[in-house]
2 protein chains.
Amino acid sequence: MATNKIYVAIIGAGGVGKCFLSQLEALSKRRPTPKLSLCYISTSKKALFNPDYSIAVENVLQDLAASSKAPMSLPQVADYLATAPSKVILVDNTSSQDVADTYPLFLSRGISIVTPNKKAFSGSYKLWQDIFTAAATSGAKVYHESSVGAGLPVISTLKDLVDTGDEVTKIEGVFSGTMSFLFNSFAPVEGSGGQWSAEVKKAKELGYTEPDPRDDLNGLDVARKLTILARLAGLPVESPTSFPVQSLIPKELESVSSGDEFLQRLPEFDSQMEETKAAAQNKGKVVRFVGSIDVATKAVKVGLEEFDKSHPIAALKGSDNIISFYTKRYGANPLIIQGAGAGGEVTAMGVTSDLLKVLSQIS
Amino acid sequence: MATNKIYVAIIGAGGVGKCFLSQLEALSKRRPTPKLSLCYISTSKKALFNPDYSIAVENVLQDLAASSKAPMSLPQVADYLATAPSKVILVDNTSSQDVADTYPLFLSRGISIVTPNKKAFSGSYKLWQDIFTAAATSGAKVYHESSVGAGLPVISTLKDLVDTGDEVTKIEGVFSGTMSFLFNSFAPVEGSGGQWSAEVKKAKELGYTEPDPRDDLNGLDVARKLTILARLAGLPVESPTSFPVQSLIPKELESVSSGDEFLQRLPEFDSQMEETKAAAQNKGKVVRFVGSIDVATKAVKVGLEEFDKSHPIAALKGSDNIISFYTKRYGANPLIIQGAGAGGEVTAMGVTSDLLKVLSQIS
């Protein structure tokens, strides 16, 4: 039977996933047509699905918690969705490499994907190629705005620049809310700032870091985002470990057993960071943790750099991200996007926005 | 005969129009499918069209100059396009109110529209309603990214915020490249800046103003952009003259006969602007020409305001625009978009990008 329904399947119901569900519910109430219909939702332990592909969005989290069904395997999910009576959009709200690895299968079977999951786009270059080849062949769409800068229009802007024929020469910015918060407090434009180890401790207490702060300080999260942007700008970057990434974890603390022990011993290394701060201050500058892509020389790098106090990167506030696109058309002054680059609601907003874009193209 | 062609019709071949044509030609070469096919192009004096709806994009400006055909009337264009053998996108690269007034007719006949023309969206509220009602009824699309901030992702970002259910509380920014240049030179964050009349003269010599600088200084261009953003944020603003707009034209010079005479007499009024600058300086601030929309109180206004020197609006460079979106999700720190907000290439980029978006939805 022909139908104008578009089915939505969701994997993951953590922080971002919960915010997305509430946005989806509000959306269904605001614009009832075309009818988005939830047909599958799973966490790592439980799932909701049924033979008529119909699940109520209201109270879905309670229903999921009460469900006795285990999640399908990923190939089973692909089978289930590929035989749905109408087109399907899969929303991957996990940060799982396994789910990301299955994107080519989903896409080749005509299932569109929207996701904040960085893993698919910042893993091996082969996976990137497989994903976009599968999408081009089947016509299914794949959108991942929130994989860089959460809901900020970073990916869409870069795509627009490239698609309309502009020449992107350089991308530079602060891509981590955690790093932004740390350096805006540790080396502010005005005042002397706090001690490095104390700022890291405070950031953790405020919930701005991963449970083990080393997962932020190793720079890998920023490297993943740079990998995505560099590839969109046309550079075939092999992986997030194939270019220089400066880790802020002292060598001696790389292998301590816990985040707590790390935090306890971090003050021993404050003098190193103080020197870095003082060196910048002596030049009238401040130090920031940035990522940059120089398209002409194909140089991608992540690490500490010094900026004039009047530079937009120096003037950043709170845990904001800032991304500057230098292009041929924009000339000397870059196109700049700035704002919160992390948080459940704004990350989910990027996902919801992508969902609406795919919907406008496939319905 | 069924065809997967999408036809493009273009009205206007001035500064933006020429840049758009060169982007369109480059685009056709880069991605030959789906096939965009030019079927009509006109200036105010000449036109190119033919019974098989096929015009070569290459050398189209020379062909147009050599054409002996006059442009069709706007209703004739609508008839011609509505009977094309496939879907049509009309690109309005004029700033004509007459063309804008015809959008409801084009849209009601299934013809999609992309345009940098502000007139349609900042004229009467009835025209705005007629346009979006016609589009909703026929399913034709209407995109106008470059009507605010040229190619900067301003309209698309505001739409994404609204469509995903965020609550926009305030929009504030510098919306005119001319005003940006003038105030960044007249009242810079560092140094004392130039004389007002001298800066206006310099801006005109550099081509940053309209032929008569009063067309920038009256604030109407900014008021039109504010009208568009306010309406997108949900406020039914009646027209760009229905809220307070501060004109920087001294009353005594409003009716002088020419822009040249205006410039010649402007130095007589420098002391007024000097006082404004000094008043801000005494508070450690700088003065800027901004527009703002307070959604809760429905207050829209355009005029001079003072900003702390560390405020992003104060730190703007050259002729850049800056637009800050304050929303419920983004909290205290706004989502900020910054960069060149005028110029043929970046304005045309917004048009080309819109064309690609419509194409992805109707092909």
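Preceding block: the structure.
Residues numbered from 1 in each chain as written. Chains lettered and ligands numbered in written order. Predicted model: local features only at pLDDT ≥ 70, side-chain atom pairs only at ≥ 80, totals over all residues. Heavy atoms only, no water.

> Would you mind showing me how to read the relation of the copies chain B and chain A here?
The relation between the two copies of this chain is a rotation about an axis and a shift parallel to it. Placing chain B over chain A gives an RMSD of 0.0 Å and needs a rotation angle of 180 degrees, together with 0.0 Å of translation along the axis. Within this description, the copies of the chain are treated as partners about a two-fold rotation axis. When you check the interface residues of chain B against chain A, 100% turn up at the interface there too, and the contact is symmetric in its surfaces. (Least-squares fit on C-alpha atoms with pLDDT ≥ 70 in both. Contact = heavy atoms within 4.5 Å.)

> How should the packing of helix H1 (residues 15-30) of chain A against helix H15 (residues 344-362) of chain A be read in this particular structure?
Helix packing for two helices is described by the angle between their axes and how far apart those axes are. Residues and elements named next belong to chain A. Where H1 contacts H15, the axes come no closer than 8 Å and their chain directions differ by 50 degrees. Taken together, the axes of H1 and H15 lie oblique to each other. Note on packing geometry: the crossing formed by H1 with H15 is right-handed. Across from Val16, Cys19, Phe20, Ser22, Gln23, Leu24 and Leu27 in H1, the residues of H15 making contact are Gly344, Glu345, Thr347, Ala348, Met349, Val351, Thr352, Leu355 and Leu356. For the contact of H1 with H15, the residue count by class is 10 nonpolar, 5 polar and 1 charged. (Axes fitted to C-alpha atoms, helices over the stretch in contact; angles between N-to-C directions. Helix = DSSP H or I, 4+ residues; strand = E, 2+ residues; numbered from the N terminus. Parallel < 35°, antiparallel > 145°, perpendicular 65-115°, else oblique. Left-handed = near helix turned anticlockwise from the far one by under 90°. Nonpolar A, V, L, I, M, F, W, Y, C, P; charged D, E, K, R; others polar.)

> What should I look at first to understand the sheet that holds strand S11 (residues 335-340) of chain B in this one?
Sheets are built from strands paired through backbone hydrogen bonds, the pairs being either parallel or antiparallel. The strand order across the open sheet formed by 10 strands is S9(A)-S8(A)-S7(A)-S10(A)-S11(A)-S11(B)-S10(B)-S7(B)-S8(B)-S9(B), and the pairing between neighbours is antiparallel. A single partner strand is all that each edge strand has here, and the edge strands are strand S9 (299-308) of chain A together with strand S9 (299-308) of chain B. Within the sheet, the average angular offset between the axes of one strand and its neighbour, ignoring direction, is 20 degrees. Against the sheet, helix H12 (residues 220-232) of chain B makes contact with strand S7 (168-174), strand S8 (285-294) and S9 of chain B, and its axis sits at roughly 40 degrees relative to S8(B), the strand it touches most. (Pairing = 2+ DSSP bridges.)

> Whenever I open this one, the environment of Gly149(A) confuses me. Can you help?
Residues and elements named next belong to chain A. Note on placement: Gly149 falls in the loop between strand S6 (142-143) and helix H8 (155-163). Given the relative accessible area of 2%, Gly149 is considered buried. It is 9.4 Å that separates the C-alpha atoms of Gly149 and Ile337, two residues lying 188 residues apart in sequence. If we ignore the near neighbours within four places in the chain, the residues touching Gly149 are Asn321, Ala340 and Gly341. (Buried < 20%, exposed > 50% of the residue type's maximum accessible area, 1.4 Å probe, protein only.)

> Which parts of the structure should I look at to understand the interface of chain B and chain A?
Interface size is often expressed as the accessible area that is lost when the parts come together. At the interface, 37 residues of chain B touch 37 residues of chain A. The contact between chain B and chain A buries some 3,000 Å² in all, and 53% of this surface belongs to carbon and sulfur atoms. Its largest share of buried area at the contact with chain A, chain B owes to Arg329(B), Tyr330(B) and Met349(B), together 20% of the area lost on that side. Inspection of the region where chain B meets chain A yields 4 salt bridges. In this structure, the salt-bridge partner of Lys357(B) is Asp160(A), at a minimum N-O distance of 3.0 Å. The interface formed by chain B and chain A includes 10 residue pairs in polar contact (both at pLDDT 80 or more). (Buried area = accessible area lost by both parts, 1.4 Å probe. Salt bridge = Lys/Arg side-chain N within 4 Å of Asp/Glu carboxyl O. Polar contact = N/O pair within 3.5 Å; in protein donor to acceptor, adjacent residues only side chain to side chain.)

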